[in-house]
Structures are given as C-alpha cells and as structure tokens.
Amino acid sequence: GVRGNAVLLGQQFVGEVLQKGSVAVDATAGNGYDTLFLANAVGAGGRVYAFDIQREALDITARRLKQFGLDSGVTLIHDGHEKMDLYIDTPVDAFIFNLGYLPGGDHDRITRAHTTVRALQIALELLKPGGRISVVVYTGHPGAADESRAVEETAANLDPRRFGVLKVTFINRSVSAPFLIFIERVKKGIENLAP
Ligand code: SAM
C-alpha cells in the first residue's frame, strides 16, 4: 500500500515491465523478498541474478526461494553489485536496488555512495529499451546522507531523451523516511524526439 511500503512500490514499478521469460536483477538480495518477487514475475523460463556481499544474505535468499519452489531460475552471486558487468552479458528488463543494511544483520555492511553509483551506471548500460530500475533509498542511518545525495544526483543528471526519471517521496512523513528513484529507459524509436 501507499501508506509507507517503499519496497512494494518499487516492486510494482518494475513488475509492470516484467513478463514470463524476462531477465531481472536484484542488486541487493538481503533477506530475499525482492528476489522472490522477481523470480515469480519472470517464471521458469526467465532469469534472475541476485547479488549480495554477505554470504548470510544469500543463504537466507536461497532458503526463501526454495520454500516457494522458485530457485531454479535464479543465480545468486556473492559479490558486489559494482561488479555486475562481470556476471551479466545479456540485456536486462528490470533492476531492483534496495539500499542500506541487511535488516537483522550487520549494520556496518551497508551499501555505499561510490559502489552504488557505479552499480547504477552498469545497470543503465545493461537496461533494455522500455526497461525499468527501482531504487529504494534510505536516509536515516550513518552514511546514508552521502549515498542518497549521490544516487539522486546521478539520476537527476540522466539525459531526458533517453530516460524517464522520477523521485517518489512520502511527503507527509519525516525527512528520514525512505524515498524511491524510478528510472525507465525510453523505448527505441522515440529516443531522438525532443524532451
Ligand atoms: N532487497 C532485500 C530484501 O528484499 O530483503 C533487502 C536489501 S538490504 C536493505 C541491503 C543489502 O545490500 C544487504 O544485505 C547488504 O549486505 C547488501 N549490500 C551492501 N553492499 C553491497 C554491494 N556492494 N553489492 C551488493 N550488495 C550489497
């Protein structure tokens, strides 16, 4: 719902461009909820790549997928999303980024401005025309200010002829509520029209 669930809003945004057989990436597997959502959306004929720097997160994600019988189409990768291009060489329909720390885990192993921006740049390169990226950005924890600024600046500077970009904020909540960045790559053929 719209009351406060940034994660569901992000899933909704990317879910609209996914169908059976699509390729999707969870850039921050964490507890595996987004990976599960993507695996279900792309179905048995699709493919999901899920990254996390913490073994523990990938173990939790693997267990969750198995529980729902959705593990066969998912590749779990124990590495930073800033190196996604080493693992993916196919165009991607949708990416989910859910930044910050692993809920219930180590609060020091957070996503960081430099690597997050690098990963976003790779995602933009891999994104299919018409493809979408959702980024859930948290602003309350130590280190979050730098990262949220960097992500917003990166998104704000994208060429409007190539990408539609939105920032979604909960305007009646505290300034430390999460916000979302939604990116859609313009479909082929209309890329050259004036913005
Ligand atoms: N999407 C997850 C879910 O549905 O449960 C929640 C993700 S959690 C907020 C953020 C995750 O990002 C943590 O598990 C953390 O280990 C991971 N992370 C931190 N830096 C990373 C990096 N450079 N590359 C990939 N994952 C990273």
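You'll find the protein chain entered in an unreviewed UniProt entry as Putative rRNA methylase, with Desulfallas thermosapovorans DSM 6562 given as the organism.

Participant: Just give me the short version of the packing of helix 2 (residues 33-42) against helix 3 (residues 55-67), but keep the residues and values in it.
Facilitator: Two measures define how a pair of helices packs: the angle their axes make with one another and the distance between the axes. Look at helix 2 against helix 3: their axes get within 9 Å of each other, and the N-to-C directions meet at 40°. Crossing hand, helix 2 versus helix 3: right-handed. Of the residues in helix 3, those in contact with Thr35, Leu36 and Ala39 of helix 2 are Thr61, Arg64 and Leu65. Residue composition of the contact of helix 2 with helix 3, grouped by class: three nonpolar, two polar and one charged.

Participant: Talk me through the nonpolar core; I want residue IDs and the actual numbers.
Facilitator: If you look at the biggest cluster of nonpolar residues, it comprises 52 residues, and the most contacted ones within it are Ala24, Phe95, Val135 and Val137. With six residues, the top contributor of residues to this core is helix 2. Ignoring any residue separated from it by four or fewer positions in sequence, one finds Ala24 in contact with Leu18, Leu38, Ala41, Val42, Val48, Val92, Asp93 and Ala94.

Participant: Explain helix 2 to me, and be specific about the residues and the numbers.
Facilitator: Of all ten residues in helix 2, eight are buried; the element is thus mostly enclosed. Taken residue by residue, helix 2 has Asp34, Thr35, Leu36, Phe37, Leu38, Ala39, Ala41 and Val42 as its buried positions. Phi turns positive one or two residues past the end of helix 2, at Gly43, with a value near 70°.

Participant: Describe in detail the environment of Gly21, supporting the description with residues and values.
Facilitator: With respect to the helices and strands, the residue Gly21 is situated in the loop between helix 1 (6-15) and strand 1 (23-26). Here the alpha-carbon distance between Gly21 and Val186, two residues 165 residues apart in the chain, equals 21 Å.

Participant: How would you sum up the pairing of strand 3 (residues 74-77)? Please name residues and give values.
Facilitator: Here four bridges tie strand 2 (residues 47-51) to strand 3, and the two strands are oriented parallel to one another. Within the sheet, the bridge partner assigned to Val48 lies in strand 3 and is Val74. As for the winding sense of the linkage, the β-α-β connection from strand 2 through helix 3 to strand 3 is right-handed.

Participant: Describe in detail the environment of Asp108, supporting the description with residues and values.
Facilitator: Residue position: Asp108 is located in the loop between strand 4 (92-98) and helix 4 (113-126). The class for Asp108 is exposed, based on 8 C-beta atoms found within 10 Å. In this structure, the C-alpha to C-alpha distance between Asp108 and Pro142, residues 34 residues apart in sequence, is 9.2 Å.

Participant: An account of the site of the ligand is requested, with residue identities and associated values reported.
Facilitator: Near the ligand lie 22 residues; those nearest to it are Gly30, Asn31, Tyr33, Gly80 and Leu102. Here the residues of the shell around the ligand are counted per class, giving seven nonpolar, eleven polar and four charged.

Participant: Can you explain the sheet that holds strand 7 (residues 179-185)? Please cite residues and give values.
Facilitator: Here seven strands make up an open sheet; going across it, the order is 3-2-1-4-5-7-6 and the pairing mixed. If you trace the sheet from one side to the other, it starts and ends with strand 3 and strand 6 (163-169), each paired once. Across this sheet, the average inter-strand angle for adjacent strands is 10°, counted without regard to direction. By the bridge criterion, four bridges tie strand 1 to strand 2 in an arrangement that is parallel. Bridge pairing in strand 2 links Val25 to Tyr49. Where helix 4 meets the sheet, it contacts strand 4 and strand 5 (127-137), and its direction lies at approximately 155° from that of strand 5. Of the strands in this sheet, strand 5, strand 6 and strand 7 touch helix 5 (residues 144-156), which is tilted by about 25° from strand 7.

Scoring rules and cut-offs
- Residues numbered from 1 in each chain as written.
- Predicted model: local features only at pLDDT ≥ 70, side-chain atom pairs only at ≥ 80, totals over all residues.
- Axes fitted to C-alpha atoms, helices over the stretch in contact; angles between N-to-C directions.
- Helix = DSSP H or I, 4+ residues; strand = E, 2+ residues; numbered from the N terminus.
- Left-handed = near helix turned anticlockwise from the far one by under 90°.
- Contact = placed C-beta atoms within 7 Å.
- Nonpolar A, V, L, I, M, F, W, Y, C, P; charged D, E, K, R; others polar.
- Core = buried A, V, L, I, M, F, W, Y, C linked by C-beta atoms within 7 Å.
- Buried ≥ 20, exposed ≤ 12 C-beta atoms within 10 Å, placed from the backbone.
- Pairing = 2+ DSSP bridges.
- Right-handed = clockwise from strand over helix to strand, strands pointing away.
- Near = placed C-beta within 6 Å.

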